[in-house]
Amino acid sequence: MVKISAARKRVAIIHPWMPQYRLAFFQRLSEKLESSDIDLTVYYGETPPEWKKRNDSRTPDGMFCLPTKFTRFGGRLVSRKDVSDLRSAGPFDLLILEQAIRNVETYQIVLNQRRYCKDIAMWGHGRTYTKKKTNLEERLKQALTRKSSWFFGYTDAGVQEVERNGFPSSSTTVVQNTIDADSLRRDLSSVTAEEIAEFESLHSLGGTTAVYVGGLDSAKKIPFLLDSARIIRDMVPDFTLLVIGSGDLAGMVEKVSSNSHHVVYLGPLFGKDKALALRSASIMLNPGRVGLVAVDSLCSGLPIVTTDWEFHAPEFEYLTDGSTCLVSSSDVEVYAHQTVSLFNNPQRLRLIQQNCMAQSAQFSTDDMVARFATGIECALERGD
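Let me begin by describing the structure that accompanies this report. These figures come from a predicted structure and were not determined experimentally.

Rules used throughout
Within every chain, residues take consecutive numbers counted from 1 along the sequence as written. This being a predicted model, a pLDDT of at least 70 is required before a residue's local features are given, and a value of 80 or more before pairs of side-chain atoms are given or counted; all residues contribute to the totals for chains, interfaces and linings. As a rule here, side-chain values cover all heavy atoms of the structure and leave hydrogens and water aside. Strands here mean DSSP runs of E at least two residues long; helices mean DSSP runs of H or I at least four residues long; both are numbered from the N terminus. For the radius of gyration, the atoms used are the C-alpha atoms, and the globule rule reads 2.2 Å times the number of residues raised to 0.38. Partly exposed residues are those whose accessible area sits between 20% and 50% of the maximum for their type, while under 20% is buried and over 50% is exposed, using a 1.4 Å probe and protein chains only. It only takes one pair of heavy atoms within 4.5 Å for two residues to be counted as in contact. Here the open area of atoms and residues is found with the Shrake-Rupley method and a 1.4 Å probe, where only the protein chains shown may cover a residue. Only strands that DSSP links by at least two bridges are regarded as paired with each other. Crossover handedness is defined by viewing with both strands directed away from the observer: a clockwise path from the first strand over the helix to the second marks the crossover as right-handed. Here an angle of 0 to 180 degrees is reported between the N-to-C directions of two axes, which are lines fitted to C-alpha atoms, with helices fitted over the stretch in contact. Note that the term roughly parallel is reserved for angles under 35 degrees, roughly antiparallel for angles over 145, roughly perpendicular for angles of 65 to 115, and oblique for everything else. By definition, any crossing whose near helix is turned counterclockwise from its far helix by less than a right angle is left-handed, and any crossing with a clockwise turn is right-handed. Just so you know the grouping, Ala, Val, Leu, Ile, Met, Phe, Trp, Tyr, Cys and Pro go in nonpolar, Asp, Glu, Lys and Arg go in charged, and all remaining residues, Gly too, go in polar.

**Examining the overall build of the protein**
Working step 1: From N to C terminus, the protein includes 16 helices and 15 strands.
Working step 2: Here the C-alpha atoms of the protein give a radius of gyration of 22 Å, agreeing with the 21 Å that 2.2 N^0.38 yields for 384 residues.
Working step 3: Expressed as a percentage of its 384 residues, the buried residues of the protein come to 55%.
Working step 4: In the protein, once contacts between residues fewer than 6 apart in sequence are set aside, the share between residues at least 24 apart is 69%.
Working step 5: Of the accessible surface of the protein, which amounts to about 16,900 Å², a share of 49% is contributed by carbon and sulfur atoms.

So this is what it looks like as structure tokens:
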């Protein structure tokens, strides 16, 4: 661990908004940095319109929400956070910004850096994963990244991408982005057989159960998910799909759930409630974007059946087709049949479940905190 012998350092992070899954990370990171005489201040923007209906945003004590305006520009949603409070609190020794070209305040800070901080770092995917990009947009993202002194990448591949675009490898940290996997494991371990039996009885589960976890929006291919569940039910009479989450398409899921016996809509669940639903299933279905749900999958031992869609998030890299997940073509009939084949092969299913559990050991909030804290300390030392 790098020792900082000078006076206490001040670091700030601007996170795009505050989802529930980030709380434990920021709280533990603050505690970790405190032991190295580093004060961390966390700022975050208001929840973007497309995420509000997921109902997983939080307003934590000790962190500061920045008033945010959202505007459509060239078909893209851009945001501008009011950073006047951050400027008044500065200048910070290090300011960590999201690696995204949609944040107007980032340009304001980069152009007037001395008013806000001594050094800038960026935290992000490394490249655009989840939407179509133009060459101009990607070049702008990489040029903006090179204005920073340190880069925190979600995954190995993201860090390798910025290095290919001229960022020094000695100034990067692979964060190993994760949810609060430690709490999830504890919640899963606390679920009893009696609780599972009661849950299965309550929802009339027949023994062949899959679960979906995530936002209910277009990026997740919800109509595809529901169509595949219907086809699977036709082939497997006791099949049920549990749906956990919320979003713009929640009404579609609720309608199917109320008019059928093969889809059970549970809404957004957290903690022990989420763990109970996971323990009641044997696989995950997620034909659309796979991101941090990959960690849910590994920790719960529920392999994801997904598709070869081109817009998966960086965390999809944590999974391996045939070993810890199954990747189908983007054809609903093929997807459904591949899922049924997995159900009908208990030995193969059990092996993939075991692979998931083994792979999950590398993901923990404490590890992510340690990686991030070390990166911050190295960035501060380099800036002295």
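Back to the write-up after that little detour.
**Notes on unusual backbone geometry**
Keep in mind that most residues, glycine aside, have a negative phi and that most peptide bonds are trans.
Working step 1: Cis geometry is adopted by the peptide bond preceding Pro 91, which originates at Gly 90 and carries an omega value of 0°.
Working step 2: The phi dihedral of Asp 37 is positive, around 60°, even though this residue is not glycine.
Working step 3: If you trace the backbone, Asp 37 turns up in the loop between helix H1 (23-34) and strand S2 (38-45).
Working step 4: Its identity as a non-glycine residue notwithstanding, Ser 204 has a phi of 55°, on the positive side.
Working step 5: With respect to the helices and strands, Ser 204 occurs in the loop between helix H9 (193-202) and strand S10 (208-213).

**Comments concerning the pairing of strand S14 (residues 304-307)**
Working step 1: Burial of the side chains of S14 extends over both faces: Ile 304 and Thr 306 are buried on one face and Val 305 and Thr 307 on the other.
Working step 2: Judged from the two bridges that link them, strand S13 (residues 283-285) and S14 form a sheet pairing that is parallel. The partner of Leu 285 across the bridge, within S14, is Val 305.
Working step 3: A crossover links S13 with its parallel partner S14, the connecting element being helix H13 (residues 293-300), and its sense is right-handed.
Working step 4: Sheet topology note: the S14/strand S15 (residues 325-328) ladder contains four bridges and is parallel. Bridge pairing in S15 links Thr 307 to Ser 328.

**Some words on the packing of helix H10 (residues 222-235) against helix H14 (residues 332-343)**
Working step 1: At a minimum axis separation of 9 Å, H10 and H14 run at an interaxial angle of 50°. The angle between the axes of H10 and H14 places the two elements in the oblique class. H10 and H14 meet at a crossing whose hand is right-handed. Two secondary-structure elements touch here, H10 through Phe 224, Asp 227, Ser 228, Ile 231, Ile 232 and Met 235 and H14 through Val 332, Glu 333, Tyr 335, Ala 336, His 337, Thr 339 and Val 340.
Working step 2: Classifying every residue of the contact of H10 with H14 by side-chain character gives eight nonpolar, three polar and two charged.

So far we have only geometry, and geometry alone does not tell us how the molecule works.
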